[in-house]
Amino acid sequence: MESRHDDRSRKIGAGHDVMGKATITIGNTGDIDEGKGRAFDVGEKRIAVFNIAGDFQAIDDACPHAGASLAEGYIEDGKVGCPWHYAEFDLHSGKHLNAPASCGVATYKVIVEDKRLLVEV
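Calculation rules
Residues numbered from 1 in each chain as written. Predicted model: local features only at pLDDT ≥ 70, side-chain atom pairs only at ≥ 80, totals over all residues. Heavy atoms only, no water. Helix = DSSP H or I, 4+ residues; strand = E, 2+ residues; numbered from the N terminus. Buried < 20%, exposed > 50% of the residue type's maximum accessible area, 1.4 Å probe, protein only. Pairing = 2+ DSSP bridges. Axes fitted to C-alpha atoms, helices over the stretch in contact; angles between N-to-C directions. Core = buried A, V, L, I, M, F, W, Y, C linked by side-chain atoms within 4.5 Å. Contact = heavy atoms within 4.5 Å.

Following Ala99, the chain continues to Pro100 via a peptide bond in cis, the omega torsion being 15°. Within the secondary structure, Pro100 is located in the loop between β10 (96–98) and β11 (107–108). Located in the positive-phi region is Ala53, a residue other than glycine, with phi close to 50°. Take Ala53: it is sitting in the loop between β5 (45–52) and β6 (55–60). With relative accessibility at 59%, the residue Ala53 sits in the exposed group. Residue Asp114 is not a glycine yet carries a positive backbone phi of 50°. As for its position among the elements, Asp114 is in the loop between β12 (110–113) and β13 (116–120).

And the structure:
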């Protein structure tokens, strides 16, 4: 099964440098429904951003087990589950919580500024 990237994904342009990290504007808070995720291409990275009751978390989009889009996974109790094989990842730390994944994913700081969503990469 291959990962599906639909209209929920968006290509993002260059940002500006803040304290050694690039801060990229990826969209607005209203672009991601509460309790859902959305994938964004940020430079060479594909990042999944999740809206957890107005708290935005960002991790690598690809599940390290088989490459499924984590943005399309289920969200429960501060974790996301892979839609293909149900490996789970903590949205705050990126740590893998159960098999079949054997490693975690990178996390990224999300900044909300006047309803704009920015990600530090």
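Picking up where we left off.
A few words on the sheet that holds β10. Taken together, the 4 strands give an open sheet; going across it, the order is β7-β8-β9-β10, and neighbouring strands pair in antiparallel fashion. The open sheet has two edge strands with one neighbour each: β7 (74–76) and β10. Taken pair by pair, the neighbouring strands of this sheet meet at an average axis angle of 30°, ignoring direction. Where strand β8 (residues 79–81) lies against strand β9 (residues 88–90), 3 bridges are found, and the strand directions are antiparallel. Bridging from a neighbouring strand, Lys79 pairs with Asp90 of β9.

The subject of this paragraph is the nonpolar core. Formed by 16 residues in total, the largest nonpolar core has its most connected members in Ile59, Leu70, Cys82 and Phe89. In terms of nonpolar packing, the next biggest core, distinct from the first, is built from 13 residues, Ile26, Ile47, Val49 and Tyr108 among them.

What follows is about the pairing of β13. Buried residues dominate β13, accounting for 4 of its 5 residues. Where strand β3 (residues 21–28) and β13 come together, 5 bridges link them in antiparallel fashion. The residue bridging Asn28 from the neighbouring strand is Arg116, located in β13. As consecutive antiparallel partners, β12 and β13 are separated by 2 residues, and within that stretch Asp114 has a phi angle of approximately 50°, a positive value.

With respect to the element layout, Glu113 can be found in strand β12. The sequence separation of Glu113 and Asn28 amounts to 85 residues, and the corresponding C-alpha distance is 9.1 Å.

On to the environment of Gly81, then. Within the secondary structure layout, Gly81 lies in strand β8. In this structure Gly81 comes out as buried when scored by relative accessible area, which is 0%. Taking the C-alpha atoms as reference, Gly81 lies 9.8 Å from His96; in sequence the two are 15 residues apart. Setting aside residues no more than four positions away along its own chain, Gly81 makes contact with Gly73, Tyr74, Ala87 and Glu88.

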